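Here's the letter readout for the chains.
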Amino acid sequence: MSHHFSALQLNLIKGIFASSLMLITLPLLPEVNFELSQQHMIILLLSGVIGIAIGDSAYFASLKRIGVNKTLLLESIAPPLSGILAVLLLGSLLSWQSWLGVLVTTFAVALVVMQPEENKQAVNASGIGFGLLASVCQATGVVISHYALVAGDIEPLLGALLRLVAGISAILVMLVLFKRKEFFAIAGGFRKLASREFALLLLAIIVGTFLTLWLQQVALKYANPAVAQTLIATSPLFILFFAIVKGQVPSTKTIIGTLLAIVGISLFFIFR
């Protein structure tokens, strides 16, 4: 599917579909308080622009350039970054094992990401750059979103919807102002999709955007942002499992790097 749409197009499409599902679901939830202060609304909207408009677009751009495994390994930097930002923005304290987790995770990511590709091509610097940008934006978005959800006692799905609407709006502005051809090419991309590809796209939006963003906001409201990001960052283990099932045996460095990343992430929040 990704070859039919650019990173910005994919981000806009998933945002529109997922926000529509949220609008349908939100009235069905019991006792939702729709009242929130202007300050908390602005913070959530800002987190949506940073984490979704910029972060997710950079994530898709990284996927296209360096693939799933390396992009997800770069994403594992987000939990320690969330912890550092929590210190700077919220006044949280990091223990010694948390700082050790930062070092171990960073080393593990570098071990995998800096490998040349199997076809002997040079390391894709732009792909790594986009992956790092995605991690920074994701960490920033979840920390400030955590503050707004807790301080304002906001329903997680409402917070997710506000973040998504802000992200969609920013992407739409970017496409219309700077990449108008991409905006008008979205309809053509859908026409090129086979029925199976369209079904997979919808499934990815429901699971990967609608449910994931909702559950992420639940975790951010009731748990430390670094812990929530840590659980999300365990995804490379599942990717390795599916790769093995499909007969794609990962390299030794990839396996070691992934396991080290999980160890480093765990060090960041256990024994606190």
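Residues numbered from 1 in each chain as written. Predicted model: local features only at pLDDT ≥ 70, side-chain atom pairs only at ≥ 80, totals over all residues. Heavy atoms only, no water.

**As for the nonpolar core**
Nonpolar side chains in soluble globular proteins tend to be buried together.
Okay, so step 1: Met22 and Leu164 are the most contacted members of the largest nonpolar core, which totals 45 residues.
Okay, so step 2: If you list the elements that add at least two residues to this core, you get helix H1 (7-25), helix H2 (38-75), helix H5 (125-152), helix H6 (156-178) and helix H9 (195-222).
Okay, so step 3: With ten residues, the top contributor of residues to this core is H6.
Okay, so step 4: Not counting residues up to four positions away in its chain, the partners in contact with Met22 are Leu157, Ala160, Leu161, Leu164, Thr209, Phe210 and Leu213.
Okay, so step 5: Judged by nonpolar contacts, the second largest core, of nine residues, contains Leu74, Val109, Ile128 and Ala261. (Core = buried A, V, L, I, M, F, W, Y, C linked by side-chain atoms within 4.5 Å. Buried < 20%, exposed > 50% of the residue type's maximum accessible area, 1.4 Å probe, protein only. Helix = DSSP H or I, 4+ residues; strand = E, 2+ residues; numbered from the N terminus. Contact = heavy atoms within 4.5 Å.)

**A short note on the confidence of the model for the protein**
Okay, so step 1: Looking at the protein as a whole, the pLDDT averages 81, with 89% of positions reaching at least 70.
Okay, so step 2: Taking the mean pLDDT of every element in the protein, the minimum, 69, falls on helix H11 (residues 235-245) and the maximum, 90, on H6. (pLDDT = per-residue confidence, 0-100.)

**Topic: the pattern of salt bridges**
Okay, so step 1: Scanning the entire structure with this criterion turns up three salt bridges.
Okay, so step 2: Residue Asp56 pairs with Lys14 through a salt bridge whose shortest N-O separation is 3.0 Å. With Asp56 in helix H2 and Lys14 in helix H1, this residue pair connects regions lying 42 residues apart in the sequence.
Okay, so step 3: Between Glu182 and Lys179 there is a salt bridge whose closest N-O contact spans 3.7 Å. (Salt bridge = Lys/Arg side-chain N within 4 Å of Asp/Glu carboxyl O.)

**Some remarks on the side chain of Ser135**
Okay, so step 1: Note that Ser135 resides in helix H5.
Okay, so step 2: Side-chain polar atoms of Ser135 contact the backbone oxygen of Leu74, separated by 2.7 Å.
Okay, so step 3: Apart from the residues within four sequence positions on either side, Ser135 is in contact with Leu74, Glu75, Ile77, Ala78 and Leu81. (Polar contact = N/O pair within 3.5 Å; in protein donor to acceptor, adjacent residues only side chain to side chain.)

**Points about the environment of Ser98**
Okay, so step 1: One can find Ser98 in helix H4 (residues 96-113).
Okay, so step 2: In the structure, Ser98 is positioned 169 residues away from Leu267 in sequence and 5.8 Å away in space, judged by C-alpha atoms.

**Examining the packing of aromatic side chains**
Okay, so step 1: Taken as a whole, this structure holds three aromatic pairs when the rule is applied.
Okay, so step 2: Summarising the aromatic geometry, the rings of Tyr59 and Phe60 are spaced 6.0 Å apart at their centres and angled 65° between planes, so their arrangement reads as edge-to-face.
Okay, so step 3: Given a relative accessible area of 21%, Tyr59 falls into the partly exposed group.
Okay, so step 4: With relative accessibility at 17%, the residue Phe60 sits in the buried group.
Okay, so step 5: Between Phe210 and Trp214, the aromatic rings sit 5.8 Å apart at their centres with planes inclined by 50°, giving tilted as the arrangement. Remark: Trp214 and Phe210 occur in helix H9; sequence separation between them is four residues, near one turn of the helix.
Okay, so step 6: With a relative accessible area of 9%, Phe210 lands in the buried category. (Phe/Tyr/Trp six-rings, centres within 6.5 Å; stacked < 30°, edge-to-face > 60°.)

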